[in-house]
Amino acid sequence: MLQTITWTGTAARLLDQTKLPTETVYVNITDERQMWDAIQRLVIRGAPAIGVAAAFGVYLGVYLTPDDRFTVRLEEVCRYLATSRPTAVNLFWAIDRVRRVAQSAKSPQSAKQKILDEAIHMLDEDNRVCRAIGEHGVALLEPLKDATGQINLLTHCNAGGLATVQFGTALAPVYIGKERGLKFHVYADETRPLLQGSRITAYELQQNGIPVTVICDSMAATVMRDGKVAAVVVGTDRVAANGDVANKIGTLGVAILAKHFGIPFYVAAPTSSIDLALPSGDQIPIEQRDGREVSHGFGRQTAPTDVDIHNPAFDVTPAELVTAIITEKGVIQAPYPRHLSALME
Ligand code: MRU
């Protein structure tokens, strides 16, 4: 499987996801400004991947800092990287984590090494967490086989390997299931405006030999009505304490459709995406992105010049529409407030 982030010894090497599916290009990130830009422009994207990238960004921002400026500089770099994107809590979780590790060190030199070690550790940890999500998810999905033994899923955006270090959250059960001989078919919503579903999800599933069909977002209702989907599985950028989940714009519509057609709606989330500090999804900051992503999305202008554009990058699905949340620690269902806080203890 493709790896989204690797450490070269001097740089964080990122797979440039803005170029997929037609070009496989890697970029070497050597300072925190380049990392901020890579996160903001979605060179690296997906909540878990953003977190790990930011951890390397902190290291790249401080490793040349003289000892007498280290503490101030660490704060500056952490605060700066935290402004790259607002919705995925993994960004803030990862920055806090490396900041704490640095603060526990006895000297600036040791703090720098500890930040780097922690970021490298996060690469392996992410793979372990994703595999565990996959194990729990496959147990949930296996009973949904159709008469031919196939498990038919729909997903929105990309919460596969390319949204994490390597393995994925929503697509992890598919990869683990395949290892065990299960058969899957996935409908990938193309996911306007930036097409993470058709550019990235369809690409990685195809690369990994999983049958995939791309549909326009507006086709999900028909596909569900026609009985072609046994479950929806999506990722999330942040889960609030009441179980509301933020994910790529359009996810809310998919959840409403799934409820209408009686199809389970599963959310895969590492515990690093759970934010018990926010009582409900109403408090999750929703990123607003440049209107040109909508008006010039296909390499040409597709809306009148100067027309008003609304471009929220995420929406919030209320907990009542979520059948279960699949985490690395197990699967939880409503009542979410109680089960989420028990899970995080
Ligand atoms: O804007 P993106 O591409 O970063 O949005 C990504 C998503 O919405 C994913 O579904 C989410 O981060 C979960 S990734 C495991």
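Residues numbered from 1 in each chain as written. Predicted model: local features only at pLDDT ≥ 70, side-chain atom pairs only at ≥ 80, totals over all residues. Heavy atoms only, no water.

A.B. asks: So what's going on with the sheet that holds strand β2 (residues 12-15)? Which residues, and what values?
C.D. replies: Pairing is antiparallel across the open sheet formed by 3 strands, whose spatial order is β1-β2-β3. Sheet topology places β1 (5-7) and β3 (26-29) at the edges, where each strand pairs with a single neighbour. Averaged over all neighbouring strand pairs, the angle between strand axes comes to 25°, with direction disregarded. Bridge count for β2 against β3 is 4 bridges, and the pairing is antiparallel. Residue pairing in the sheet places Ala12 in a bridge with Ile29 of β3. Contacting β2 and β3, helix α1 (residues 32-40) runs over the sheet at an angle of about 140° to β3. Packing against the sheet, helix α2 (residues 47-62) makes contact with β1, β2 and β3, and its axis sits at approximately 30° to β1. (Pairing = 2+ DSSP bridges. Helix = DSSP H or I, 4+ residues; strand = E, 2+ residues; numbered from the N terminus. Axes fitted to C-alpha atoms, helices over the stretch in contact; angles between N-to-C directions. Contact = heavy atoms within 4.5 Å.)

A.B. asks: I'd like a description of the site of the ligand, backed by residues and values.
C.D. replies: Close to the ligand lie 17 residues; Arg45, Arg85, Asp237, Asn247 and Lys248 are nearest. Gly46 places a main-chain nitrogen or oxygen 3.0 Å from an oxygen atom of the ligand. Between the ligand and Arg85, the relevant distance is 2.8 Å, taken from an oxygen atom to a side-chain nitrogen or oxygen of the residue. When the ligand sits alone it has 420 Å² of accessible area, and the protein chains cover 100% of it. Going through the elements one at a time, α2 and β9 (245-248) are the ones with two or more residues in the shell around the ligand. (Near = heavy atom within 4 Å. Polar contact = N/O pair within 3.5 Å; in protein donor to acceptor, adjacent residues only side chain to side chain. Areas by Shrake-Rupley, 256 points an atom, 1.4 Å probe, with all protein chains shown as cover.)

A.B. asks: Residues and numbers for the domain arrangement of the protein, please.
C.D. replies: Accessible area lost upon the coming together of the parts serves often as the stated size of an interface. When cut into domains, the protein gives domain 1 (5-128) and domain 2 (134-344). For domain 1 versus domain 2, the separation of C-alpha centres amounts to 25 Å. Counting residues at the interface gives 27 residues for domain 1 and 30 residues for domain 2. In this assembly, domain 1 packs against domain 2 so that about 2300 Å² is buried in total across both faces, 53% of it on carbon and sulfur atoms. Sorting the residues of domain 1 by area buried against domain 2 places Arg45, Thr87 and Val89 first, and these three jointly supply 27% of that buried surface. Our enumeration of links across domain 1 and domain 2 arrives at 1 salt bridge. Taking the shortest distance from any N to any O, the salt bridge between Glu287 and Arg85 comes out at 2.8 Å. Connecting domain 1 to domain 2 are 17 residue pairs in polar contact (both at pLDDT 80 or more). Elements with a minimum of two residues in the side of domain 1 that touches domain 2: α2, α4 (89-103) and α5 (108-141). (Domains from an automatic or database assignment. Buried area = accessible area lost by both parts, 1.4 Å probe. Salt bridge = Lys/Arg side-chain N within 4 Å of Asp/Glu carboxyl O.)

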